[in-house]
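Below are the chains, spelled out letter by letter.
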Amino acid sequence: MRLTVGQAVVRFLAAQHTERDGVEHRLIEGWFGIFGHGNVAGLGQALLEAELTDPDAVAYRQGRNEQGMVHAAAGFARMRNRMSTLACTTSIGPGATNMVTGAALATVNRLPVLLLPGDVFATRVANPVLQELEDPRGFDVSVNDTLRPVSRFYDRIWRAQQLPSALLGAMRVLTDPAETGAVTLALPQDVQAEAYDFPDALFRRRVWHVPRTLPEPGALARAVAIIRSARRPLIIAGGGVIYSEATDALRSLAEAAGIPVAETQAGKGSMRYDHPLALGAVGATGTVAANEFAAVAQVVIGIGTRWSDFTTASRSAFADPTVRFVNVNIASFDAAKHSGEAVVADARAALEALLGALAGYRTDPAYRERARERAQAWDATVERAYHLGNQPLPAQSEVIGAVNDAAGPRDVVVCAAGSMPGDLHKLWRTRDPKGYHVEYGFSCMGYEIAGGLGVKLAAPDREVFVMVGDGSYLMMSQELVTAVQERVKLIVVLVQNHGYASIGRLSASVGAQRFGTAYRYRDQDGRLGGTVLPVDLATNAASLGATVFRAGTVDELRQALAKARETGGVTVVHVDADPMVDAPASDSWWDVPVAETSRLETVRTAYEQYLDGKRGQRDYL
Ligand SMILES: Cc1ncc(C[n+]2csc(CCOP(=O)(O)OP(=O)(O)O)c2C)c(N)n1
Ligand SMILES: [Mg+2]
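Residues numbered from 1 in each chain as written. Chains lettered and ligands numbered in written order. Predicted model: local features only at pLDDT ≥ 70, side-chain atom pairs only at ≥ 80, totals over all residues. Heavy atoms only, no water.

Is there a simple way to explain the overall build of the protein chain in this structure?
In terms of regular secondary structure, the protein chain is built from 24 helices and 23 strands. Scaling as 2.2 N^0.38, a compact globule of 621 residues should have a C-alpha radius of gyration of about 25 Å, and the protein chain matches this with 25 Å. For the protein chain, restricting intrachain contacts to residue pairs at least 6 apart in sequence, the fraction spanning at least 24 positions comes to 76%. Within the structure as shown, the protein chain displays about 24200 Å² of accessible surface, and the carbon and sulfur contribution to it stands at 53%. Counting 62 positive and 68 negative side-chain charges, the protein chain places the averaged centre of each group 3 Å from the other. (Helix = DSSP H or I, 4+ residues; strand = E, 2+ residues; numbered from the N terminus. Rg over C-alpha atoms; globule rule 2.2 N^0.38 Å. Contact = heavy atoms within 4.5 Å. Areas by Shrake-Rupley, 256 points an atom, 1.4 Å probe, with all protein chains shown as cover. Lys, Arg positive; Asp, Glu negative; His and termini not counted. Charge placed at Lys NZ, Arg CZ, Asp CG, Glu CD.)

Right, here's the structure in full:
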């Protein structure tokens, strides 16, 4: 079949599918793109031709910033449990490098995204082309090489003949739950437009089977023996539980064996918040209930978690001197962490196997009763935090409470950076496995709106509440325009606290006196300590095409959220919140090194406290 490389890519991707449990999905459900000379004549032409002539063609959507497109693809893929994703096409140079942050986010979070940056001429006849880096050490280097370390698969198609193997290699990694992440195929601009006789077989319908890998019997037996030896076991549910659709299997095992469950950021939603064995968030942003159980657990069963420092409270959360880990993970890389008994398997398959193999094992009634009682006590803490009655401005916990009340059981909250992810982790009452979408692998400011767009595209039947701080909004809010253009319904709750409340708090805790974290005028004394800046982000959002409601109080916020639910298109609810009111404490710690020497008293005091924290830190060997 004589096609250009661009046409071949589009045709090939339209024929790719995934399958798990007998259910098939289209792998690439749509395209995002921003055109420039690096892709307009290649992929751009091919996408036009597909739209005009192929009844099966998927939607092409415009992004506003290449980073935002990748975030949307990642949000989409996460919402679809990694069975489907979106492709992103960019021009060369800055269009391509704008994707680096999005690629890293996808890879860190183990989310499949397909990136197709344009690249400089393979023939080099006209080099340096516009936006070419020109590395004097070698002409095969281009700015796209910056995507290499943040991609799980990277290839550059110098010759059309290389395309079939590159495409197949890319699909394998995209659909492999252990290896997935950003997958990049760099496409030189001349090669994209070049014709080649591709074999018909390249374009046949293909189904990539996503396996439910069973645990190896020896590993399962060792894990079972370790769990059976424990009177105080604890399950830590990570994102893998949700991606694997293992939440029913998790609940069955927890109930049968009487093992309480705590959740990571990506794993939140694994259990309904009001299940008697659900301890909620664990670690640095955890509940007091979960952290109390973590501190005394003899065996910690991690399921689908990468054990980030927030989950382990920088290796201080699990304090029993003989604590052991059992790690169920599809990636051996994660399964081996903390010298755990590595059960390399699909989460659901492993949970089902554990349920059978642990028959007869059950924790003491007193242990289970304590879990129920501590979880209930935490929920009372949440209830108080939702209704603080802080004056004159609401506390952030009250904003979260109002949004939680406005959200239906299947609706989704989206967030990524700032003080809200931690507060949401502690306080959000999750009632559906897909109801909580906080990107905390990369915790990337600017993910919120773009990621929320991807979430809504993936789940149009759910209301999506994007919670975004003023800092994140200022960094990247332009995909609001894309949502308006696509007539996507989004409810964005913009929390204005004039700067970085999160980093302000962190700065104070390391003795740095909130230096440089508030958005304030430069004062007469040359410091950034003046009054708050006259920015009006509500007007900004309105100017981008959103319907805007302003809320000054919690009551007004509740009314605005009710109106937002009734309003089509993009709604931004702007609310001022008090940056100085903290969410309820976690009884936990996070390792952020403090200056060892300083002329500032605040730093010396913080350093003493830091050494206290360090004493609780350990290796799990
Ligand atoms: C792209 C990026 N840059 C920097 C950071 C570090 N950082 C984490 S939170 C934060 C401030 C976020 O401010 P805002 O969105 O207003 O939320 P708030 O902290 O006020 O809740 C910063 C700078 C980050 N996470 N991502
Ligand atoms: Mg802020």
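From this point, the discussion proceeds with the structure in view.
Before we go on, may I ask you to explain the sheet that holds strand β5 (residues 59-62) in this structure?
Whenever strands of a sheet pair, they do so through backbone hydrogen bonds, lying parallel or antiparallel. Ordered in space as β5-β4-β6-β7-β9-β8, the six strands form an open sheet in which the pairing is parallel. Strands with a single pairing partner mark the edges of an open sheet, and in this sheet they are β5 and β8 (153-156). Sheet twist, expressed as the mean angle between neighbouring strand axes with direction ignored, is 20 degrees. Sheet topology places strand β4 (residues 28-33) next to β5; four bridges connect them, and they run parallel. Bridging across to β5, phenylalanine 32 finds its partner in arginine 61. (Pairing = 2+ DSSP bridges. Axes fitted to C-alpha atoms, helices over the stretch in contact; angles between N-to-C directions.)

It is not clear to me how the site of ligand 1 should be interpreted in this structure. Could you clarify?
Within the structure, ligand 1 sits among 16 residues, and Ser419, Ser443, Asp470, Gly471 and Ser502 are positioned closest to it. One of the backbone nitrogen or oxygen atoms of serine 443 is found 2.8 Å away from a nitrogen atom of ligand 1. Between ligand 1 and serine 472, the relevant distance is 2.9 Å, taken from an oxygen atom to a main-chain nitrogen or oxygen of the residue. Isolated, ligand 1 exposes 580 Å² of accessible area, and the fraction of that covered by the protein chains is 77%. Here the element with the most residues in the shell around ligand 1 is helix α19 (residues 470-475); it accounts for four residues. Considering only residue class, the shell around ligand 1 consists of six nonpolar, nine polar and one charged. (Near = heavy atom within 4 Å. Polar contact = N/O pair within 3.5 Å; in protein donor to acceptor, adjacent residues only side chain to side chain. Nonpolar A, V, L, I, M, F, W, Y, C, P; charged D, E, K, R; others polar.)

What should I look at first to understand the packing of helix α3 (residues 66-79) against helix α18 (residues 447-458) in this one?
Each pair of packed helices gets described by two things: the angle between the helix axes and the distance between those axes. Packing of α3 against α18 brings their axes to within 7 Å, and their N-to-C directions diverge by 45 degrees. In this view, α3 runs oblique relative to α18, as classed from their interaxial angle. Considering the relative orientation of α3 and α18, their crossing is right-handed. Between α3, through Gly68, His71, Ala72, Ala74, Gly75, Phe76 and Met79, and α18, the contact on the second element is made entirely by Tyr447, Ala450, Gly451, Gly454, Val455, Leu457 and Ala458. Tallied by class, residues from the contact of α3 with α18 come to nine nonpolar, five polar and no charged. (Parallel < 35°, antiparallel > 145°, perpendicular 65-115°, else oblique. Left-handed = near helix turned anticlockwise from the far one by under 90°.)

I would appreciate a short explanation of the coordination of the magnesium ion (ligand 2) in the present structure.
Each pair of donors in an ideal octahedron of six around a metal sits at 90 or 180 degrees, and each pair in an ideal tetrahedron of four sits at 109.5 degrees. Protein-derived coordination of the magnesium ion (ligand 2) comes from Asp470 (OD), Asn497 (OD1) and Gly499 (O), at a distance range of 2.0 Å. Positions of the donor residues of the magnesium ion (ligand 2), expressed as sequence spacing, correspond to D-x26-N-x1-G. Of this pair, aspartate 470 sits in helix α19 while glycine 499 sits in the loop between β21 (490-496) and α21 (501-509); the two residues are 29 residues apart in sequence, bridging distant segments of the chain. (Donors = N, O, S within 2.8 Å, 3.2 Å for Na, K, Ca; no water.)

Can you walk me through the sheet that holds strand β18 (residues 412-415) in this structure?
Reading across the sheet, the six strands line up as β19-β18-β20-β21-β23-β22 and stay open at both edges, with parallel pairing between neighbours. The open sheet has two free edges, formed respectively by β19 (436-438) and β22 (547-551), since each of these has just one partner strand. Going across the sheet, the axis of each strand differs from the next one's by a mean of 20 degrees, ignoring polarity. Two elements, strand β20 (residues 464-469) and β21, share five bridges in a ladder whose sense is parallel.

Please explain the environment of glycine 435 as it appears in this structure.
Relative to the elements of secondary structure, glycine 435 occurs in the loop between α17 (420-427) and β19. The exposure class of glycine 435 is buried, given its relative accessible area of 3%. Spatially, the C-alpha atoms of glycine 435 and valine 413 are 6.2 Å apart, while their sequence positions differ by 22 residues. When residues no more than four places from it in sequence are discounted, the contact partners of glycine 435 are Asp411, Val412, Val413, Trp428 and Thr430. (Buried < 20%, exposed > 50% of the residue type's maximum accessible area, 1.4 Å probe, protein only.)

Sorry if this is basic, but what is going on with the pairing of strand β12 (residues 233-237) here?
Looking down a regular strand, the side chains alternate between one sheet face and the other. Among the five residues in β12, five count as buried, and that is most of the element. Bridge analysis of β12 against strand β15 (residues 299-303) gives five bridges, and the strand direction is parallel. Bridge assignment links isoleucine 235 to a residue of β15, and that residue is isoleucine 301.

Even after reading the chapter, I still don't get helix α6 (residues 163-175), so can you show me in this structure?
The α-helix winds at 3.6 residues per turn, so residues separated by three or four positions along the chain end up facing the same way. With 13 residues, α6 extends 18 Å between its outermost C-alpha atoms, agreeing within 8% with the 18 Å of an ideal straight helix rising 1.5 Å per residue. Within the sequence span of α6, burial applies to Leu163, Pro164, Ala166, Leu167, Gly169, Ala170, Met171, Val173, Leu174 and Thr175. (Expected span 1.5 Å × (residues − 1).)

Honestly, the packing of helix α16 (residues 396-406) against helix α23 (residues 554-566) in this entry has me stumped. Any pointers?
Packing of α16 against α23 brings their axes to within 10 Å, and their N-to-C directions diverge by 30 degrees. α16 and α23 meet at a crossing whose hand is right-handed. The residues of α23 that touch α16, namely those facing Glu398, Val399, Gly401, Ala402, Val403, Asp405 and Ala406, are Val554, Leu557, Arg558, Leu561 and Arg565. Considered class by class, the residues forming the contact of α16 with α23 number seven nonpolar, one polar and four charged.

Before we go on, may I ask you to explain helix α5 (residues 100-108) in this structure?
All buried positions along α5 are accounted for by Gly102, Ala103, Ala104, Leu105, Ala106 and Thr107. In the core, the buried residues of α5 are packed alongside α3, β7 (113-119), β9 (182-188) and α18. The positive-phi residue at the C-terminal boundary of α5 is arginine 110, with phi of around 55 degrees.

Nothing here speaks to function; it is all geometry.
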